[in-house]
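Residue-level structural notes
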Amino acid sequence: MSGLDWTACPVCNLPLSRRDHVLRCADGHSFDIARQGYVNLLGRTPPANADTAEMLDARARFLAAGHYDPIADAVAAAARGTRIAEVGAGTGFYLARVLDAHPDAEGLATDVSVAAAKRAARSHPRAAAVVADTWARLPLPDDSLHTVVCVFAPRNPAEFERVLRPGGRLVVAQPLPGHLAGLRERYGLLGVGEDKSERLAASLPGWDVTSRGRLTDRVEIPAAVVADLIAMGPNAFHGLPDHVEDAFLDVDVEVIALVSPTAA
Ligand SMILES: C[S@@+](CC[C@H](N)C(=O)[O-])C[C@H]1O[C@@H](n2cnc3c(N)ncnc32)[C@H](O)[C@@H]1O
Ligand SMILES: [Zn+2]
């Protein structure tokens with residue numbers, strides 16, 4: 001079994017089953033499993049603002065520096081069950097940490113970027129990846145997951161509720177206003193959707209908060225890590241600064257676990 005075995009057809013919503021290198025539904029729609037192990041279930045060209053391979057390389061280098069490890073630990077501790085998807089998974093870094101902490105779990109990474117799905121498919125032996133748009137219908141059956149993880153990525157509460165089993169969990173990591181504050185000021189970084197804590201809960205009406213924690217840190221990081229942090233985000237589309245220096249990294253992130261409203 002792998003995460004690909006619990007996907008649904010993006011055309012007709014019937015379950016997909018795997019045979020050799022193809023996922024197929026009972027209605028005859030079929031989707032090739034790419035050599036790199038991911039499947040494109042988007043059904044259209046990815047949007048122009050999907051993360052590029054260069055952005056993902058920068059993200060992977062930045063995450064490898066370890067500054068967001070406490071976020072990954074908090075996300076992993078909040079996840080439950082054996083079927084876990086990360087939406088907007090990027091490199092699959094967080095999903096891999098979740099799977100490390102949950103040895104019986106299988107993982108599925110979704111992302112609208114093909115480059116991300118390629119990388120995420122290799123992020124962990126128990127992870128698979130599909131190209132899919134969180135704003136559209138997710139290619140997953142109703143009531144099929146124990147946990148949905150969403151780290152710094154778009155949220156679609158109605159879809160999360162549909163794909164989670166009753167009592168299933170949503171684990172969100174969301175930047176708070178102080179996140180990357182110094183760097184944003186210095187390099188004019190575009191906002192990363194930083195939000196007030198209350199707004200996060202308000203955007204998920206009916207969901208029961210089971211745990212929430214705020215992670216803060218302030219550490220000096222070398223110029224190369226600053227450059228990766230800038231290059232891994234939307235600034236990559238608007239030109240990168242010619243020169244960066246060592247700087248302080250402000251971390252201000254909330255990790256919140258919620259139980260799906262259908263639990264009641
Ligand atoms: C800020 S990155 C976070 C990636 C990863 N969760 C992490 O924290 O390392 C946002 C990710 O969401 C993806 N994304 C943006 N819009 C999306 C959408 N509509 N559906 C699915 N993924 C999306 C991007 O391609 C990118 O990989
Ligand atoms: Zn179908």
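Report on the accompanying structure. Keep in mind that what you see is a predicted model, and the values were worked out from it rather than measured.

1. Examining the packing of aromatic side chains
Within the structure shown, the criterion is met by 3 aromatic pairs. Ring geometry for Phe62 versus Tyr68: centroids 4.8 Å apart, planes at 80°, classification edge-to-face. Exposure class is identical for Phe62 and Tyr68. Each is buried. With 5.9 Å between their ring centres and 65° between their planes, Tyr68 and Phe152 make a pair best called edge-to-face. You can see Tyr68 sitting in the loop between α1 (53–64) and α2 (69–78) and its partner Phe152 sitting in the loop between β8 (145–151) and α5 (157–163), a full 84 residues away along the chain.

2. Points about the site of ligand 1
The immediate surroundings of ligand 1 are formed by 18 residues, with Gly88, Asp111, Asp133, Thr134 and Val151 found nearest. A distance of 2.9 Å separates a nitrogen atom of ligand 1 from a polar atom in the backbone of Gly88. Between an oxygen atom of ligand 1 and a side-chain N or O atom of Asp111, the distance comes to 2.6 Å. Relative to its free-state accessible area of 590 Å², ligand 1 is covered by the protein chains to the extent of 87%. Among the residues making up the shell around ligand 1, the classes are represented as 9 nonpolar, 4 polar and 5 charged.

3. A look at the sheet that holds strand β2 (residues 22–24)
Pairing is antiparallel across the open sheet formed by 3 strands, whose spatial order is β1-β2-β3. Since the sheet does not close on itself, it has two edges, and those belong to β1 (17–19) and β3 (30–32), each with one partner. Pairwise comparison of adjacent strand axes, ignoring direction, gives a mean angle of 30° for this sheet. For β2 and β3, the ladder comprises 3 bridges, and the chain directions are antiparallel.

4. Topic: the environment of Arg137
Tracing the chain through its elements places Arg137 in the loop between β7 (127–131) and β8. Taking the C-alpha atoms as reference points, Arg137 and Pro157, separated by 20 residues in sequence, lie 11 Å from one another. In contact with Arg137, not counting residues within four places along its chain, are Asn13, Asp142, Glu159 and Arg162. Separated by 2.8 Å, the side chains of Arg137 and Asn13 make a polar contact.

About the cut-offs
- Residues numbered from 1 in each chain as written.
- Chains lettered and ligands numbered in written order.
- Predicted model: local features only at pLDDT ≥ 70, side-chain atom pairs only at ≥ 80, totals over all residues.
- Heavy atoms only, no water.
- Phe/Tyr/Trp six-rings, centres within 6.5 Å; stacked < 30°, edge-to-face > 60°.
- Buried < 20%, exposed > 50% of the residue type's maximum accessible area, 1.4 Å probe, protein only.
- Helix = DSSP H or I, 4+ residues; strand = E, 2+ residues; numbered from the N terminus.
- Near = heavy atom within 4 Å.
- Polar contact = N/O pair within 3.5 Å; in protein donor to acceptor, adjacent residues only side chain to side chain.
- Areas by Shrake-Rupley, 256 points an atom, 1.4 Å probe, with all protein chains shown as cover.
- Nonpolar A, V, L, I, M, F, W, Y, C, P; charged D, E, K, R; others polar.
- Pairing = 2+ DSSP bridges.
- Axes fitted to C-alpha atoms, helices over the stretch in contact; angles between N-to-C directions.
- Contact = heavy atoms within 4.5 Å.

Purely geometric numbers; function is a separate question.
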